[in-house]
Amino acid sequence: MPHRSRGSAREGAAGALTPNGEPVLAARFAVPRVPGVFVRRRRVTERLTRALSGPGRLVLVNGPAGAGKTLLVADWAGRPSLPGRLVWLTVESGDNDPGIFWAYVLEALRHRGVALPDGIGSPVRPDGVDDLLLSRLAAYLNGRTEPVILVLDEFERMSAPEVAEGLRFVLHHAGAGLRLVLVSRTEPLLPLHRYRAAGEVTDIRGADLAFRPEETGVLVRRHGMSLSDEGIRKLTERTGGWAAGLRLCVLAAQRAEDPERFLKEFETGQSAVADFLLSEVLHTQSVMSQDLLLRISVCARVHPALADALTGREDGGPVLAELERANAFVERIGHGWYRLHPLFAEILRAHLNTRHPGLERALHGVAARWLSDAGLLMEALPHAADAGDWTFAADRLVDDLAIGQLFTGLGADRLGELFTAMPSSVPGPAADLVRAACALARYDIDRGLTALSRAEAHLPPADARGASAAHLSCALLRVLAGRLLGSPETAETAGRRAEEIGAREVLAERLEAHPEIRTLRLAALGSARLRAGRFGAARVALSAAVEAPAAPSTALPRQDSLECLALIDFLEGWPGRAEAHARQAVVEAERSGVPSSARTSLGQLVLAAVGIERDELASARTHVHRAALSPSCSRDPVAAAWLTVTRSRLLLAEGSPARALRVLGGIPESPSTEMPSWLDAQMALAAATAHTALGRPHAAAEALAGRSDAGPECVIASARARLASGDEEGARSLLDTLRGPGGHGPAVTVRALLVRAETARGLGDEAAARHLVARALAAARPERLARPFLEAGPWLRELLDRGPTPRRAHGRPATGLFAELRTVDTGEPCPVPVTEPLSEREREVLGRLAQTMSTDEIAAELFLSVNTVKTHLKHIYRKLAVTRRSEAVRRARELDLL
């Protein structure tokens, strides 16, 4: 016979019975104990506090098994000041009988000291509850001054619509007297859309519950372990911040001699994590759902139609939706796509190989074809590689006209690494074209040309059906090879061929989908012309490339073209224009998300050169440092040589001409690339300037010998060398060979005027000298040029000291320029740029250092140990070449690191 549940307040459920006569289990009212290693995520608990202190009625803590939902709420429930009386009930599946559920709710209220009215009643039968009882309960709660916070844990066990309807009724009519917290793996049956529309629900989802790296670090330390920042980051990434996964991994690593190595190498498929996920998630699903989960685990993301292709069934849509609703580690990511939790997918793949050996490879093949047919070639290619179907992968890349993606686009490096694994035995012109592209992208010219010639030898005729894309790819690669070879003829010939093939209507749609083909061709053609010294023609092609449609795939060649234009501007003596183009290139790269490893370095070198011309040496050092970090400087011999010239000029500006000369001697020779003549002339100019600073005019003249046709700068430098030897007439004769402006900018004009002024002074015409200096200052002012005056020599100071100051130069008195002249010193060391970049964590420590925080304070702020902070400081000092904190901060500010 059913009994009314009873029990007084605070005495709990002693002796209380449910409507079916079972004793009420008081243990279900207990707030779970929070273990000592629990990591409080303040960002989440503060959100919970705000939600329950505000007008909202409902908080839904919804996440997969092991996400830490219950402990999060239990920890919050232990706070000293809660915004109401907390009542906890852990739901059981038997509570789907409405009478049982409400009997437990009433008893839970009494257990927590909520004095229910005597006449409120209680359920008398398990399968129903009197509506009047719920009305009386709602009215009582609505009349309370202190709200009740009812936590229903493990609410995913509740599937009875009658219970959900009763909860909705009480919650609606209890007003501010009831706050409901549902902790669940699944979406409850309550009408959440109404609460959301009214702003009365707070959702705390799995993504909110996921650990962040700093929280993982705290968890690791609470288990008595020490991991590097990188190890913590990787552990967080591999587990997706999933709380149970993290804890199980850490517990397993505790038993290892080298925990960091263990976490890096351990096989999740054979671990306690796998046991948890397989038993708690996979095996709780239906057989059909399990089969789908195993098969889609080979994909980073899956569409229902792709799931159908992988399973051979037609239930992908509903099964995925149900798995997502059940929080079975399946997440909807928009536009109909889903993805698996990364660790779950990893374990499923291991389980798939155990249960169905060989099936994973076949599934990759299915996925490759489905994705390719769906127009998702970049996603299809890794699957083709995993299926070992390299012929399909190469054919699709070439036929789709996507070969340019190996040189540009945000995934170029990843795509290059993918095809680097292609076996040499894979036959066919498409495979050779891909090999050629991979090699040229690595600046491996010989290997690239060999593969390209082999591909051309086996291609069908250009007018054969389906051959156009391959022939256009060949032509594009020839243009790119011409650039690397420094052969504008090769680039021009291949460029015309590419343009002719690209005009065919059959390729129109694919070319429109791949604007990088034309942009790459123009950028490479412009660069080849630049290397040949054909600046005007180069500017035409480069400007056309810059005008290409803005797209992720064209970002890199457009940035490259802007940097080449910047270099041309600088070489022609227009530092302001050069700076504008270089900065535009930086903006273009930042806006398009081009990774720093893919960017070219010319822009940074141009900015450094402009900084030297303006005597802004700290800025110049920063740009040299950034350029040196670019991989392009180590791959491209021309960029590497230009970096060396810029370093030499910087050392000279810092007062170390001897070191400047030694640096120039270290330019490596490239067997494949001919050094551009203008670069050769720039090296000679830098050497001649250093020799002149050392008082060795004959050596300067020798460095410039035979370069009278290398441009006005060489003529001007030769004239300076003549003057330094006392040959004023010879200098004037050389200067007289200079023709008019010829498109050259102020940097060239100013130097020419100063050498003419020195010549006039040497010939006794001081008035003419003053006039020429005044003209030089006027020409220099808009460009803020200072270096030509600082390099001119002591005669200029003497000239100005003996007469009125002609004018002000870009805001500074002309004489002020010479007060800043460096004393020539051939032996003393000078500060050098940073040669090794600071890590992200080192930058964070450096930032706290600049705030004058102590080591202990930095450790607490960044959740690090004191010893770890000391290690970071040691690395920072080494990289910045300093020994003290104040020096590190000063040096970092000089390099714009702060």
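Just so it is clear, the structure is predicted and the values come from calculations on it, not from any experiment. (Residues numbered from 1 in each chain as written. Predicted model: local features only at pLDDT ≥ 70, side-chain atom pairs only at ≥ 80, totals over all residues. Heavy atoms only, no water.)

**Quick look at the overall build of the chain**
Counting its secondary structure elements, the chain contains 47 helices and nine strands. In summary, the chain has a C-alpha radius of gyration of 37 Å against a globular reference of 29 Å for 898 residues, an excess of more than 25%. With respect to the three principal axes, the spread of C-alpha positions in the chain is 125 × 70 × 55 Å. Counting every position in the chain, which comprises 898 residues, the buried fraction comes to 54%. Partitioning the intrachain contacts of the chain with sequence separation of at least 6 by distance along the chain shows that 69% fall at a separation of at least 24. On the chain, roughly 38900 Å² of surface is accessible, and the fraction owed to carbon and sulfur atoms is 51%. Positive and negative side-chain charges in the chain, numbering 111 and 108 respectively, have mean positions lying 4 Å apart. (Helix = DSSP H or I, 4+ residues; strand = E, 2+ residues; numbered from the N terminus. Rg over C-alpha atoms; globule rule 2.2 N^0.38 Å. Buried < 20%, exposed > 50% of the residue type's maximum accessible area, 1.4 Å probe, protein only. Contact = heavy atoms within 4.5 Å. Areas by Shrake-Rupley, 256 points an atom, 1.4 Å probe, with all protein chains shown as cover. Lys, Arg positive; Asp, Glu negative; His and termini not counted. Charge placed at Lys NZ, Arg CZ, Asp CG, Glu CD.)

**Some points on the packing of aromatic side chains**
With the rule as written, the count across this model stands at nine aromatic pairs. Considering the side-chain rings of Phe 29 and Tyr 104, the 6.0 Å spacing of their centres and the 65° angle between planes classify their relative orientation as edge-to-face. Highlighted residues: Phe 29 in the segment before helix 1 (42-53) and Tyr 104 in helix 3 (residues 98-111), separated in sequence by 75 residues. The same class applies to Phe 29 as to Tyr 104, namely buried. Here the aromatic rings of Phe 101 and Trp 102 are separated by 5.1 Å at their centres, their planes lie at 80°, and the arrangement is edge-to-face. Residue Phe 101 shares its accessibility class with Trp 102, and that shared class is buried. (Phe/Tyr/Trp six-rings, centres within 6.5 Å; stacked < 30°, edge-to-face > 60°.)

**Some thoughts on the environment of Glu 547**
By the secondary structure assignment, Glu 547 is in the loop between helix 27 (535-546) and helix 28 (555-571). Along the chain, Glu 547 and Arg 558 lie 11 residues apart, while their C-alpha atoms are 7.9 Å from each other.

**Re the sheet that holds strand 4 (residues 178-184)**
The sheet built from five strands is open, its strands ordered 2-3-4-1-5 with parallel pairing. Either end of the sheet is taken by a strand with one partner, and the two such strands are strand 2 (85-90) and strand 5 (201-204). Each neighbouring strand pair of the sheet contributes to a mean axis angle of 15°, computed without reference to strand direction. Alignment of strand 1 (residues 58-62) against strand 4, held across five bridges, turns out to be parallel. Residue pairing across strands places Leu 60 opposite Leu 182, the latter belonging to strand 4. Contacts from helix 5 (residues 161-174) reach strand 1, strand 3 (148-153) and strand 4, with the element oriented near 145° to strand 4. (Pairing = 2+ DSSP bridges. Axes fitted to C-alpha atoms, helices over the stretch in contact; angles between N-to-C directions.)

**Re unusual backbone geometry**
Unusually for a residue other than glycine, Asn 327 sits at a positive phi of about 55°. Among the structural elements, Asn 327 can be located in the loop between helix 15 (316-325) and strand 6 (330-334). In this structure Asn 327 comes out as buried when scored by relative accessible area, which is 17%. At Arg 784, a residue that is not glycine, the phi angle is positive and equals roughly 55°.

**A closer look at the nonpolar core**
Of all hydrophobic cores here, the largest spans 56 residues; its most connected members are Leu 397, Ile 403, Leu 406, Phe 419, Leu 433, Val 434 and Leu 477. The set of elements that each furnish at least two residues to this core consists of helix 18 (377-386), helix 19 (390-399), helix 20 (412-420), helix 21 (429-441), helix 22 (445-458), helix 23 (468-485), helix 24 (488-502) and helix 26 (516-531). The biggest single contributor to this core is helix 23, with 11 residues. Discounting residues that sit within four places of it in the chain, Leu 406 has contacts with Leu 397, Ala 412, Leu 415, Gly 416, Val 434, Ala 437, Cys 438 and Ala 441. Among the nonpolar cores identified, the runner-up in size contains 53 residues, and Leu 277, Ile 296, Leu 310 and Phe 329 belong to it. (Core = buried A, V, L, I, M, F, W, Y, C linked by side-chain atoms within 4.5 Å.)

**A closer look at the pattern of salt bridges**
Here the structure, examined in full by the defined rule, presents 53 salt bridges. Linking Glu 572 and Arg 539 is a salt bridge whose minimum nitrogen-to-oxygen distance equals 3.1 Å. One end of the pair, Glu 572, is in the loop between helix 28 and helix 29 (575-592); the other, Arg 539, is in helix 27, and 33 residues separate them in sequence. Relative accessible area serves as the criterion here: at 18%, Glu 572 is assigned to the buried category. (Salt bridge = Lys/Arg side-chain N within 4 Å of Asp/Glu carboxyl O.)

**Overview of the environment of Ala 160**
Checked against the element boundaries, Ala 160 lands in the loop between strand 3 and helix 5. Classification of Ala 160 by relative accessible area gives buried; the value is 9%. Linking Ala 160 and Leu 652, residues 492 residues apart in sequence, is a C-alpha distance of 83 Å. Residue contacts for Ala 160: discarding those within four places in its chain leaves Asn 96 and Leu 189.

**Regarding the confidence of the model for the chain**
Summarising the model, the chain shows a mean pLDDT of 86, and 91% of its residues fall at 70 or more. Note that residues 1-12 has pLDDT below 50 and, in this model, 31 contacts with residues that lie over four places away or in other chains. Within the model, pLDDT remains below 50 along residues 818-835, and this stretch shows 47 contacts once partners closer than five positions in the same chain are excluded. (pLDDT = per-residue confidence, 0-100.)

**Remarks on the state of the cysteines**
Evaluation of the coordinates by the stated rule reveals zero disulfides. Lacking any disulfide linkage, Cys 474 is separated from the closest cysteine sulfur, that of Cys 438, by 14 Å. Judged by relative accessible area, which is 5%, Cys 474 ranks as buried. (Disulfide = S-S within 2.5 Å.)

**Details of the packing of helix 9 (residues 229-239) against helix 10 (residues 243-254)**
Remark: helix 9 packs on helix 10, axes separated minimally by 9 Å, with the N-to-C direction vectors making an angle of 130°. Taken together, the axes of helix 9 and helix 10 lie oblique to each other. Between helix 9 and helix 10 the crossing geometry is right-handed. Residues Leu 235, Thr 236 and Thr 239 of helix 9 touch helix 10, and the partners they reach there are Gly 245, Leu 246, Cys 249 and Val 250. (Parallel < 35°, antiparallel > 145°, perpendicular 65-115°, else oblique. Left-handed = near helix turned anticlockwise from the far one by under 90°.)

**Section: the pairing of strand 2**
Of all six residues in strand 2, five are buried; the element is thus mostly enclosed. Looking at chain direction, strand 2 and strand 3 are connected through six bridges and run parallel. Residue pairing across strands places Trp 88 opposite Val 151, the latter belonging to strand 3.

**Details of helix 30 (residues 602-613)**
Look at helix 30: 16 Å from first C-alpha to last across 12 residues, which is about the 16 Å you get at 1.5 Å a residue. Listed as buried for helix 30 are Leu 602, Gly 603, Gln 604, Leu 605, Val 606, Leu 607, Ala 608, Ala 609, Val 610, Gly 611, Ile 612 and Glu 613. Elements that come into contact with the buried residues of helix 30 comprise helix 28, helix 29, helix 31 (617-629), helix 33 (637-653), helix 39 (746-762) and helix 41 (787-791). Asp 615, located one to two residues past helix 30, shows a positive phi value of around 60°. (Expected span 1.5 Å × (residues − 1).)

**A few points about the side chain of His 514**
The topology assignment puts His 514 in the loop between helix 25 (508-513) and helix 26. The class for His 514 is buried, based on a relative accessible area of 9%. A distance of 2.9 Å separates a polar atom in the side chain of His 514 from a polar atom in the side chain of Glu 516. (Polar contact = N/O pair within 3.5 Å; in protein donor to acceptor, adjacent residues only side chain to side chain.)

**Quick look at the environment of Ile 149**
You can see Ile 149 is positioned in strand 3. If near-sequence neighbours (up to four positions away) are discounted, Ile 149 is found in contact with Leu 52, Trp 76, Pro 83, Gly 84, Arg 85, Leu 86, Val 87, Arg 179 and Val 181.

**Some words on helix 39**
Taking 1.5 Å as the rise per residue, helix 39 with 17 residues should run 24 Å; its terminal C-alpha atoms sit 24 Å apart, in good agreement. Across the 17 residues that make up helix 39, a large majority, 13, are buried. Following helix 39 by one or two positions, Gly 764 has its phi on the positive side, about 90°.

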